[in-house]
Amino acid sequence: FGTPTEKKAQIEAQLLPPEETGKPAFPKEEARRAMAVSGVLAGADRPLSAADIAGHFRKGKTVEREVGLTLRAFARLGYLDSGDGGRTFTTRRVG
């Protein structure tokens, strides 16, 4: 559709792979999810909620539940601290 000039512009448009267009996708595999959540927490300068962490990924609202499950698993294992009853989390600092 469009004029010959418009068609040429459409053909010449630069296409970027999804990972270069913004936020990364939340991983499907549990081990990769754990690494992704850990990475976001490690780079944080304040406690983060599941919604905060989910916002770092595409479809953030959709993956918020899975992020929350990962956070609770880490907390049960003693890897995270929460000063507000489990609403926000920080990585446990040793020493």
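Relevant structure appears above.
Here is what the cut-offs are and how they apply
- Residues numbered from 1 in each chain as written.
- Predicted model: local features only at pLDDT ≥ 70, side-chain atom pairs only at ≥ 80, totals over all residues.
- Heavy atoms only, no water.
- Helix = DSSP H or I, 4+ residues; strand = E, 2+ residues; numbered from the N terminus.
- Buried < 20%, exposed > 50% of the residue type's maximum accessible area, 1.4 Å probe, protein only.
- Contact = heavy atoms within 4.5 Å.
- Salt bridge = Lys/Arg side-chain N within 4 Å of Asp/Glu carboxyl O.

What's the story with the side chain of serine 49 in this structure? I'm lost.
Here serine 49 is to be found in the loop between α2 (30-42) and α3 (50-54). For serine 49, a relative accessible area of 15% gives the class buried. Apart from residues no more than four positions distant in its own chain, serine 49 is found in contact with Leu71, Arg87 and Thr88.

How should the environment of methionine 35 be read in this particular structure?
Its place among the elements puts methionine 35 in helix α2. Looking at methionine 35, the relative accessible area reads 55%, which means it is exposed. Here the alpha-carbon distance between methionine 35 and threonine 70, two residues 35 residues apart in the chain, equals 10.0 Å.

Sorry if this is basic, but what is going on with the pattern of salt bridges here?
Side-chain pairs of opposite charge can arise whenever the charged atoms involved come near each other. Going through the model one piece at a time under the given rule, you end up with four salt bridges. Its salt-bridge partner being aspartate 52, residue arginine 46 comes within 3.5 Å of it at the nearest N-O pair. Owing to a relative accessible area of 45%, arginine 46 belongs among the partly exposed residues under this scheme. Two residues, arginine 92 and aspartate 81, come together in a salt bridge whose shortest N-O distance is 2.7 Å. Remark: aspartate 81 occurs in strand β1 (residues 80-81) and arginine 92 occurs in the segment after β2 (90-91); sequence separation between them is eleven residues. Relative accessible area serves as the criterion here: at 30%, aspartate 81 is assigned to the partly exposed category.

In short, geometric facts, not functional conclusions.
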